[in-house]
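Below, each chain spelled out in residue letters.
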Amino acid sequence: MLLIDPPAGPWAAVLGHPVGHSLSPVMHRAAYRVLHEDIAYTSADIQEAEFREAVGPALTDPGWSGFSVTMPLKSVARGAADRLTDFASLVGVINTLAPLGPGDRREVVGHNTDVSGIVNALSFAHPDMPASPRAAIIGGGGTATAAAAALHILGASEVTAFVRDPERAGRVVQIAERLGTRLELSPLNESPTRMGEFDVVVSTLPAHAFDDQAERIDGDLSGLALLDVSYEPWPSELAVSLGRHGAVAVSGREMLLYQAIDQIKMFTGRDLSEDLPRQDEVLTAMSEAIGLPPRTSPPRKIYDGRDLRPRG
């Protein structure tokens, strides 16, 4: 039995578990309509143990154009790539698989667009962000690893990661060392009382995972920007609590929008260094499809390994 049932013609999909709530299909389809690209974009609910069996046949399908990979598959997805982009190799985790090259010379490339999504979402939320922001991450998994890379690109030289289990934050520790970022690992339950120490916070926890901590947040938090990568339900308890104390919060829809730009480039065979054709129209259509206001400025291009040069 095929775990992924590919449609006829060019196609792509988002893979994850659970994946029924994902807004990627409506957003990607909106972009392909503007671009006049005949790519069917679907979704497949795949668990980690099924991943290799599920994607194996798909990767050899001549119509396959790419996979957007979400939780909990980001770790196992790396093993399906023939090679990683230099950028993804430095980040250490991927969220995108795409074919590159013709026919029998085609290879499967792994890339990370989450970093771009986080950089652009935070820049949107905090247009007056300091050049070296005081930064924190809530969580210690694969998305937290991408967040550490994004905060480095945004100029943070020090990052606090609030985690339940420091032993499971190894990849965040590794990328901090690679980038020359001073990393503090702190208990998750300390985060509500320390929010006032930061300019930007990225929460990488699943929906509802921070609800019991959010009610403990207090103080004047004006000047703080939060990206909560979860977007269903929205607003999250964390976003509501921070907003009550003066912070600005944006949902994972912003990250989803911006990270998809590079996926669409890869799935349509375009270069990451170039804008999409009619990019303003594409961004507007994607934004409207997922309930966001239209964009007024182009996203920053984040794909080059040189953006991850170590500091210090």
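Residues numbered from 1 in each chain as written. Predicted model: local features only at pLDDT ≥ 70, side-chain atom pairs only at ≥ 80, totals over all residues. Heavy atoms only, no water.

1. With respect to the overall build of the protein chain
Secondary structure assignment for the protein chain yields 11 helices and 12 strands. Here the C-alpha coordinates of the protein chain stretch approximately 55 × 40 × 40 Å along the principal axes. Of the contacts formed within the protein chain by residues at least 6 apart in sequence, a portion of 73% connects residues at least 24 apart. If you average the places of the 27 positive and of the 40 negative side-chain charges in the protein chain, the two averages end up 4 Å apart. (Helix = DSSP H or I, 4+ residues; strand = E, 2+ residues; numbered from the N terminus. Contact = heavy atoms within 4.5 Å. Lys, Arg positive; Asp, Glu negative; His and termini not counted. Charge placed at Lys NZ, Arg CZ, Asp CG, Glu CD.)

2. Thoughts on helix α6 (residues 142-153)
Here α6 is 12 residues long and its end C-alpha atoms lie 17 Å apart, about the 16 Å a rise of 1.5 Å per residue gives. Counting buried positions over the 12 residues of α6 gives 12, a clear majority of the element. Of all the residues in α6, the buried ones are G142, T143, A144, T145, A146, A147, A148, A149, A150, L151, H152 and I153. G155 sits one or two residues past α6 and shows a positive phi near 105 degrees. (Expected span 1.5 Å × (residues − 1). Buried < 20%, exposed > 50% of the residue type's maximum accessible area, 1.4 Å probe, protein only.)

3. A word on the pairing of strand β8 (residues 158-163)
Of all 6 residues making up β8, 5 are buried, and the element is well covered by its neighbours. With 4 bridges joining them, strand β7 (residues 135-138) and β8 adopt parallel strand pairing. What sits directly across from I138, in β8, is F162. Regarding topology, α6 serves as the crossover connection from β7 to the parallel β8, and that connection is right-handed. Pairing analysis gives 6 bridges linking β8 to strand β9 (residues 182-187), with the strands arranged parallel. Paired with F162 across the two strands is S186, which belongs to β9. (Pairing = 2+ DSSP bridges. Right-handed = clockwise from strand over helix to strand, strands pointing away.)

4. Focus on the nonpolar core
Residues V91, V115, I118, L122, L151 and L227 are the most contacted members of the largest nonpolar core, which totals 35 residues. Sorting elements by how many residues they give to this core places α6 first, with 8 residues. Ignoring sequence-local partners within four residues, the contact set of L151 consists of L122, A135, A136, I137, A156, V159 and V200. With 31 residues, the next largest nonpolar core counts A12, A30, Y231 and F267 among its residues. (Core = buried A, V, L, I, M, F, W, Y, C linked by side-chain atoms within 4.5 Å.)

5. Section: the packing of aromatic side chains
Within the structure shown, the criterion is met by 3 aromatic pairs. Aromatic pair W11 and F67: ring centres 5.8 Å apart, planes at 65 degrees, arrangement edge-to-face. Taken together, the residues span a long stretch of sequence, with W11 in strand β1 (residues 11-16) and F67 in strand β3 (residues 64-69) at a distance of 56 residues. Geometrically, the ring pair formed by W64 and F67 is tilted, given 5.2 Å between the ring centres and 55 degrees between the ring planes. The exposure classification of W64 matches that of F67, with both residues buried. In this structure an aromatic cluster arises from ring pairing among W11, W64 and F67. (Phe/Tyr/Trp six-rings, centres within 6.5 Å; stacked < 30°, edge-to-face > 60°.)

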